[in-house]
Amino acid sequence: MAKRDFLQITDFSREEVEQLFDLAKRMKARAYRETPLAGKTLAMIFAKSSTRTRVSFEVGAYQLGGRALFLSSKDIQIGRGEPIPDTARVLSRYVDGIMIRTYDHAEVEELARFSTIPVINGLTDLTHPCQVLADLFTVKEHLGGWEGKRIAWVGDGNNMANAWLEAATVLGFELRLACPEGFEPNIARYGAAKKHGCIMVTEVPEEAVEGAHVINTDVWASMGQEGEAEARRNAFKGYTVDAELMKLADPKAIFLHCLPAHRGEEVTADVIDGPQSRVWDEAENRLHVQKALLATLMGS
Ligand code: CP
Ligand code: NVA
């Protein structure tokens, strides 16, 4: 059977997402005791920092009977310029799957092309699909599903916003994104989502949030953009998710943030630490959803 990669949410069909979530639900409920990764190893290449992605993949591999190797790109030869195709070919001889977090999405595609084992995108500048899978699972858990729901994104049209566009393409829910001019998501890449007619991009946060069932935001300066932080703080004035903005949403709306968060910038403390916030469930769900992903792509 051909190996499967997971580089973006559009790599899966709606049915595959549903199957993955059924498995993740059984795993979360501790109704799943199998060890499909017994004797198997996941290599985890990190060119950027991580708390959740690193720990949830490492613990997840272990709970499925396998193990994970943390490979900082600074310490392996990739950091000294060893070509990605060579790294892919060599790792494919040692391990059973690769998770990679890096800057340029094209590097992940190249790694996948030259690997004979599954490759999982643990975040690039373009997209963060594992996070949005966990977010969708959290939406399903708390709101029963995404059908007929309005999902709002407020802030930077970054890798997280792009992953939400991918999800809307596959699942067809209504997605409203409020981003300042010049910080829109990569709509061109996700033309299919636009064709669905369920995507709205605006510069007005209130328009995105009105009647929404899920309110999402993320940092204004992503990893690699630290030098732009000050300029971005100015550009994003008025895009803070605060209690007043939350009042425009559906009364049962939930707040999500992939974390890490900057309280007082993209979200106020009373919102992220308040009763509508589901950010800790969201973080926990990385573990369950990624275990389902590992079992599906790498399991025997
Ligand atoms: N949300 C997320 O991916 O967190 P980390 O950067 O800590 O992995
Ligand atoms: N947009 C953020 C997400 C961090 C998990 C970043 O890329 O830094």
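The model shown is predicted, which means the values in this text are computed figures rather than measured ones.

Visitor: Explain the environment of Gln 276 residue by residue, including any values.
Guide: Turning to its location among the elements, Gln 276 is positioned in the loop between α11 (269–272) and α12 (279–298). Judged by its relative accessible area of 26%, Gln 276 falls in the partly exposed class. In this structure, Gln 276 is in contact with Met 246, Asp 250, Pro 251, Ala 253, Ile 254 and Phe 255, ignoring residues within four places of it in sequence. Separated by 3.1 Å, the side chain of Gln 276 and the backbone oxygen of Ala 253 make a polar contact.

Visitor: Provide a residue-level description of the site of ligand 2, including the pertinent values.
Guide: Around ligand 2, a shell composed of Leu 123, His 128, Asn 158, Asn 159, Asp 218, Ser 222, Met 223, Cys 258 and Leu 259 is seen. Here Asn 158 contributes a side-chain N or O atom positioned 3.4 Å from a nitrogen atom of ligand 2. Measuring from a nitrogen atom of ligand 2, one finds a side-chain N or O atom of Asp 218 at 2.6 Å. Looking at the shell around ligand 2 residue by residue, the class counts come to four nonpolar, four polar and one charged.

Visitor: I'd like to hear about the pattern of salt bridges, residue by residue, with values.
Guide: Two side chains bearing opposite charge may form a pair once their charged atoms approach each other closely. The tally for this structure, following the rule as stated, stands at 14 salt bridges. Taking the shortest distance from any N to any O, the salt bridge between Arg 4 and Glu 16 comes out at 2.9 Å. With Arg 4 in the segment before α1 (14–28) and Glu 16 in helix α1, this pair connects stretches of sequence that are twelve residues apart. We classify Arg 4 as partly exposed; its relative accessible area is 32%. For Glu 16, a relative accessible area of 27% translates into the label partly exposed. Across the pair Arg 232 and Glu 228 runs a salt bridge whose closest N-O atoms are separated by 2.8 Å. A residue is classified by how much of its surface remains accessible, and Arg 232, at 7% relative accessible area, is buried. Among the charged side chains, a salt-bridge network with shared partners connects Arg 150, Glu 174 and Arg 176.

Visitor: Provide a residue-level description of the packing of aromatic side chains, including the pertinent values.
Guide: What the rule picks out here adds up to eight aromatic pairs. Pairing Phe 21 with Phe 137 gives two aromatic rings, centres 5.5 Å apart and planes at 75 degrees, and the pair type is edge-to-face. You can see Phe 21 sitting in helix α1 and its partner Phe 137 sitting in helix α5 (residues 129–143), a full 116 residues away along the chain. Pair check on accessibility: Phe 21 and Phe 137 agree, each one buried. Aromatic side chains Phe 21 and Trp 146 sit 6.0 Å apart centroid to centroid with 70 degrees between the ring planes, which places their arrangement in the edge-to-face category. One end of the pair, Phe 21, is in helix α1; the other, Trp 146, is in the loop between α5 and β5 (150–154), and 125 residues separate them in sequence. Note on Phe 21: relative accessible area 1%, which makes it buried. Trp 146 gets classed as buried once you look at its relative accessible area, which sits at 1%. An aromatic cluster of three or more residues is present, and its members are Phe 183, Trp 220, Phe 236 and Tyr 239. A cation over an aromatic ring shows up here: Lys 48 above the ring of Tyr 103, its NZ or CZ 4.6 Å from the ring centre. Looking at Arg 54, its charged tip hangs above the ring of Phe 70, at a distance of 3.7 Å from the centre.

Rules behind the numbers
- Residues numbered from 1 in each chain as written.
- Chains lettered and ligands numbered in written order.
- Predicted model: local features only at pLDDT ≥ 70, side-chain atom pairs only at ≥ 80, totals over all residues.
- Heavy atoms only, no water.
- Helix = DSSP H or I, 4+ residues; strand = E, 2+ residues; numbered from the N terminus.
- Buried < 20%, exposed > 50% of the residue type's maximum accessible area, 1.4 Å probe, protein only.
- Contact = heavy atoms within 4.5 Å.
- Polar contact = N/O pair within 3.5 Å; in protein donor to acceptor, adjacent residues only side chain to side chain.
- Near = heavy atom within 4 Å.
- Nonpolar A, V, L, I, M, F, W, Y, C, P; charged D, E, K, R; others polar.
- Salt bridge = Lys/Arg side-chain N within 4 Å of Asp/Glu carboxyl O.
- Phe/Tyr/Trp six-rings, centres within 6.5 Å; stacked < 30°, edge-to-face > 60°.
- Lys NZ or Arg CZ within 6 Å of the ring centre and 35° of its normal.

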